[in-house]
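An overview of the molecular structure
For reference, the chains in residue letters:
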Amino acid sequence: MAAPLKNQARLGVWLSFLVPAALLGGAYISQYGFGLYPCEMCWWQRYPHFVALAFGGLAVMQMLRGQGGARAFAMLAAASVAVSGLIGGFHAGVEYGWWEGVTACTSAVTPEPGESYLDAIMRAPIVRCDVAPWEMFGVSLAGYNFLISCGAAILTAVLLRRR
């Protein structure tokens, strides 16, 4: 049995799980609740959060069981969150026109009952990577992912450091 984590390390473990869960939840709410379909680079930002959610979940389970490894899993989750944040920073730069992005675009294709896939493709919206579908205070969703993810990754790492 491992030594119990101090309160600040426990907070870091919880952050390693809750931050990617909240950011993925927000992404899916914006997609399915508000029709903001993800572009290719939006999907790239989600993949590290899926990994972080798994590592964060393992960290929380290890912590609650009093077993070792919680800190290591939480640090892996924090690193994954940081990767997503850096991808978000790149994506935000593309949206702001600071540099060129990728040429791939995505679209939600779901045929209605009795409809062909071709008809569904033709009516599907095209989602461009270089256009921010939503902004608040001049910051896009990708920009917020950069700010929140990188900040949370740094905070998690600070909380988990050994004294």
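Before any of the text, the structure's been laid out above.
All residue numbers refer to position in the chain's written sequence, counted from 1. Since the coordinates come from a predicted model, pLDDT governs what is reported: local features require at least 70, and pairs of side-chain atoms require 80 or more to be given and counted, while whole-chain, interface and lining totals use all residues. Derived side-chain values reflect all non-hydrogen atoms in the structure, with water molecules and hydrogen atoms excluded from consideration.

Below, the discussion takes up the overall build of the protein. Per the secondary structure count, the protein includes 5 helices and 2 strands. Its helices and strands taken in sequence order, the protein reads α-α-α-α-β-β-α from the N to the C terminus. Classification of the 163 residues of the protein by burial places 36% in the buried group. Residue contacts are defined here by distance: any two heavy atoms, one from each residue, within 4.5 Å place the two residues in contact. Residue pairs in contact within the protein that sit at least 24 positions apart in sequence constitute 72% of those at least 6 positions apart. To be clear on the numbers: accessible area is Shrake-Rupley with a 1.4 Å probe, and residue cover counts the displayed protein chains and nothing else. Here the protein displays about 9,400 Å² of accessible surface, and carbon together with sulfur accounts for 68% of that area. Per the convention used, a helix needs a DSSP run of H or I reaching at least four residues, while a strand needs a run of E reaching at least two, with both numbered from the N terminus. A simple rule labels every residue: compare its accessible area, found with a 1.4 Å probe on the protein chains alone, to the largest value its type can have, and call it buried under 20%, exposed over 50%, or partly exposed in between.

Pairing of aromatic rings covers Phe, Tyr and Trp, the last counted by its six-membered ring, and requires centre-to-centre distances within 6.5 Å; plane angles under 30 degrees mean stacked, over 60 mean edge-to-face, and any other angle means tilted. By the definition in use, this model includes 4 aromatic pairs. Aromatic pair Phe55 and Phe73: ring centres 6.3 Å apart, planes at 25 degrees, arrangement stacked. Of this pair, Phe55 sits in helix H2 (residues 40-65) while Phe73 is found in helix H3 (residues 70-95), placing the two residues 18 residues apart along the sequence. Taking relative accessible area as the criterion, Phe55 reaches 24% and is therefore assigned partly exposed. In this scheme, Lys NZ or Arg CZ marks a charge over a ring once it lies within 6 Å of the ring centre and within 35 degrees of the ring normal. Seen from the ring of Tyr28, Arg46 lies directly overhead, with NZ or CZ sitting 4.5 Å from the centre. One residue, Arg46, lies across the ring of Trp43, its end atom 4.6 Å from the ring centre.

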